[in-house]
Amino acid sequence: QVQLVESGGGLVQPGGSLRLSCAASGSILSFSVMGWYRQAPEKSRELVATMTNGGNTNYADSVKGRFTISRDNAKNTVYLQMNSLKPEDTAVYYCNLRRVTTSVWGQGTQVTVSS
């Protein structure tokens, strides 16, 4: 089974930027959908952004215009570029890769937006 290693989380000031990386142990081309989710304390996990194998993207209304999902097939890595960060973006962010019979999750990486 493919394993995911996430990195790039940390502390950033409001209005700042952060780039999350999700490195897969195998080719990401076999997955139909790649995405990022997040979960804040005492809140449900929510979808942040997704990208299909064909390159179609979808974003939560709360992050549209600020976040961008992308991938590098040669590096087997999915990225989430986060700009104009707000305190309400504070959460644990999870990478997810999905295909017909399999859904793979990363361990999560903490993003904290605070002055």
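Here, every reference points to the structure presented above.
Residues numbered from 1 in each chain as written. Predicted model: local features only at pLDDT ≥ 70, side-chain atom pairs only at ≥ 80, totals over all residues. Heavy atoms only, no water.

**Brief notes about the pattern of salt bridges**
Scanning the entire structure with this criterion turns up four salt bridges. Between Lys64 and Asp61 there is a salt bridge; the shortest N-O distance is 3.1 Å. Look at Asp61 and you get exposed, because its relative accessible area is 66%. When the shortest N-O distance is used, the salt bridge between Arg66 and Asp89 registers 2.8 Å. In this pair, Arg66 sits in the loop between strand S6 (57-59) and strand S7 (67-72) while Asp89 sits in the loop between strand S8 (77-82) and strand S9 (91-98), placing the two residues 23 residues apart along the sequence. Assessed through its relative accessible area of 1%, Asp89 is described here as buried. (Salt bridge = Lys/Arg side-chain N within 4 Å of Asp/Glu carboxyl O. Buried < 20%, exposed > 50% of the residue type's maximum accessible area, 1.4 Å probe, protein only. Helix = DSSP H or I, 4+ residues; strand = E, 2+ residues; numbered from the N terminus.)

**Brief notes about the pairing of strand S4 (residues 33-39)**
Of all seven residues in S4, six are buried; the element is thus mostly enclosed. Two strands pair when backbone bridges link them, and S4 and strand S5 (residues 46-52) are joined in this way by six bridges, in the antiparallel orientation. Bridging from a neighbouring strand, Tyr37 pairs with Leu47 of S5. Between S4 and S5, which pair antiparallel and follow one another directly, the connecting turn spans six residues, one of which, Glu42, has a positive phi of 65 degrees. (Pairing = 2+ DSSP bridges.)

**Focus: the sheet that holds S8**
Sheet architecture is open: four strands sit in the order S1-S3-S8-S7, paired in antiparallel fashion. Because the sheet does not close on itself, it has two edges, and the strands there are strand S1 (4-7) and S7. Taken over all neighbouring pairs, the strand axes of this sheet differ in orientation by 15 degrees on average, direction set aside. Pairing of S7 with S8 involves six bridges; the strand directions are antiparallel. (Axes fitted to C-alpha atoms, helices over the stretch in contact; angles between N-to-C directions.)

**Observations concerning the side chain of Glu6**
Within the secondary structure layout, Glu6 lies in strand S1. Despite its burial, Glu6 remains without a salt bridge, the nearest opposite charge being carried by Arg45 at 8.5 Å. A polar contact is formed between the side chain of Glu6 and the backbone nitrogen of Gly108, at a distance of 3.1 Å. Looking at Glu6, its side chain comes within polar contact range of the main-chain nitrogen of Thr109, at 3.4 Å. Excluding anything up to four places from it in sequence, Glu6 contacts Ser21, Cys22, Trp36, Tyr93, Tyr94, Cys95, Gly106, Gln107, Gly108 and Thr109. (Lys, Arg positive; Asp, Glu negative; His and termini not counted. Polar contact = N/O pair within 3.5 Å; in protein donor to acceptor, adjacent residues only side chain to side chain. Contact = heavy atoms within 4.5 Å.)

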